[in-house]
Amino acid sequence: MYILGIWDGHDSGAAIVKDGKILAAVNEERLTRRKLEVVFPALSIKACMDYLNLSPADIEHVAFSSYDLSKTLARLFPFIKEDYYLIRRKKKAAGKVNVLKKKLKYVLTEQGPGVLSKYISKLYAENILKTGGFSACDIHFVEHHFCHAAAAALVSGFDGCLVITMDGIGDGLSGTIGSFLNGRLERKADISGKHSLGIFFEHVTNLLNMRELEDEGKVMALADLAAPVADFQNPLLDFFHVHGLDVKSRYSALRMHTELEKVSRRYPSEQFAFMAQRTLELRIVELVRNALSATGHTNVALAGGVFSNIKVNRLIRLIPGVKGCFVFPHMGDGGLAAGAALMVNHKMSGTSCVLEDVFLGMDYPDEEIKSVLDGNGLPYRRCEKIEEEAANLIAAGNIIFWFQGRMEYGPRALGNRSILALPDSLKIRDLLNQRLKMRVWYQPFCPAMLEEDAKLYLEQYSSNPFMTMAYMVREEKKKDIEGVIGADGSCRPQIINGKETRFGRLLTEVKKVTGRGVLLNTSFNIHGDPMACSPQDAIDTFNKVKTGYLVMGNFLVRGENVLN
């Protein structure tokens, strides 16, 4: 039974699930080459279908996420979400009309789903699926936070766990608390969209002249540069209070922006970021503690955009009594398509599985890579021992653009679409940040580590293959990997086995040369662009920077600026 999951909002995408396992998943941005795309994911659907060699007749069920008023209006009038996309990404000049549109957006999204919105959304779905040839399938609509919850719980590998979702807002809610036990996923409590910690952090991001729903990680990084503010002096802590399994805000979404603006004028940007980050940490940890006590669970599964905050996730993992903490790797709205399909599958068959990796996109055989290289007129050579050659080049101080196998699903580069370098070079870190990736200087890069090395480098070690958690680096090891550590001494590692993948074998070869199985690992893109999907995307990115080496499959391309 193949189930197609569809999300047609912010970071739209598609996924195909069978027997509780995600077989293919991709987001539309990788194919349109427009970051966090909002159009209906027609290309993503086709890519998933083509990869699995399926036709529309093979799809028995289609699962859509969300059917609230704002989503229904955006389906009927696509120009609405396109207009807001341009406003949010600062592609349109600020003005009174656009400010009014943003305010209206917050008001509309607080309106939850109803019978009429679900009916209209279903008519829309029937029409657009029929146009694509899907005429014999059953259509399901899954509420926004049930999608997040299913994604978190059903692939976590836990027999039982507390399930928490938290984001800006979806289907009128900003979060939920649930339980997964004996194969049953049920909701225990929900948090109104009118009391959203996610929207709170969106507003902070916006007031720091960054893009909400996109640059929250920069806010988290900026907070590390602040002179700390004591909790009793932090005015933002009073914006929210936790009562049992509920969160209450002092202000509405619109009033909150006004009150936050007043606070932001009184503090330097980094202190404003620090106070917001601290508020998020304290209130969420308090909520999770209450939920653990109420449910009796010792494992925690998390999803929703708020849990892209790796420092919050670390604090949850370290709560006394927590044995395991799983964050769905595509925790934001881009993961809703997979969550919707997983939820429908679970309701119909009760099956679930362990998510072993997120290499769920397309791959490209060497013959196709060679054809694209020839078509671009790039000189290259084929290497039979590509991991060994790449390791030697990295050890010599070169940057490697690494393109292998199936593309990652989600926002993190996990060794198939990565830019790689030594982890101890501040010179390389700054080159990547300022000239190649074109990011803010204070945003740290991340390490990929062999499991055996991670145990030596990280305090309070636990396995985490998906880069969803912060860890503190041991003091005596910081110099070894200073290019991938934040200002507070933490990092966000990818921890992998050294023999299961080509990337793992590369790390093993790097360890032979350098003495440590650790690399700087950042996504294969220039900041603001989607991660490279196809060989042509990889070449286009590489040609923009003209630095280091490009490794695609077994082929090696030398750039203009290399050490040897």
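A quick note: this is a predicted structure, and the numbers were derived from the prediction, not measured.

### Overview of the pattern of salt bridges
With the rule as written, the count across this model stands at 39 salt bridges. A salt bridge links Glu259 to Lys262; the shortest N-O distance between them is 3.3 Å. Taken together, the residues span about one helical turn, with Glu259 and Lys262 both in helix 10 (residues 253–264) at a distance of 3 residues. When the shortest N-O distance is used, the salt bridge between Asp374 and Lys370 registers 3.1 Å. Within this pair, Asp374 and its partner Lys370 are both found in helix 14 (residues 366–375), separated by 4 residues, close to a single helical turn. A cluster of three or more residues bridged by salt bridges with shared partners is formed by Arg88, Arg89, Arg211, Glu214, Asp215 and Lys218.

### Structural notes on the nonpolar core
Core analysis: the biggest nonpolar cluster contains 116 residues, and Phe64, Phe200 and Ile284 have the highest contact counts within it. A per-element tally of this core places helix 11 (residues 269–295) first, with 12 residues. Residues in contact with Phe64, not counting those within four places in the same chain, are Ile6, Phe40, Arg75, Tyr124, Ala125, Leu129, Ile139, His140, Phe141, Val142 and Ala340. Counting residues in hydrophobic clusters, the runner-up holds 42 residues, among them Ala15, Leu185, Leu355 and Leu414.

### Observations concerning the sheet that holds strand 2 (residues 13–18)
Within the open sheet, the 5 strands sit side by side as 3-2-1-4-5. Their pairing is mixed. On the outer flanks of this sheet lie strand 3 (21–27) and strand 5 (138–142), each paired with one strand and no other. Looking at each pair of strands side by side, their axes are set apart by 20° on average, direction ignored. Taken together, the 5 bridges between strand 1 (residues 2–7) and strand 4 (residues 59–65) define a ladder with parallel strand orientation. Looking at strand 4, one finds that Tyr2 is bridged to Ile59.

Rules behind the numbers
Residues numbered from 1 in each chain as written. Predicted model: local features only at pLDDT ≥ 70, side-chain atom pairs only at ≥ 80, totals over all residues. Heavy atoms only, no water. Salt bridge = Lys/Arg side-chain N within 4 Å of Asp/Glu carboxyl O. Helix = DSSP H or I, 4+ residues; strand = E, 2+ residues; numbered from the N terminus. Core = buried A, V, L, I, M, F, W, Y, C linked by side-chain atoms within 4.5 Å. Buried < 20%, exposed > 50% of the residue type's maximum accessible area, 1.4 Å probe, protein only. Contact = heavy atoms within 4.5 Å. Pairing = 2+ DSSP bridges. Axes fitted to C-alpha atoms, helices over the stretch in contact; angles between N-to-C directions.

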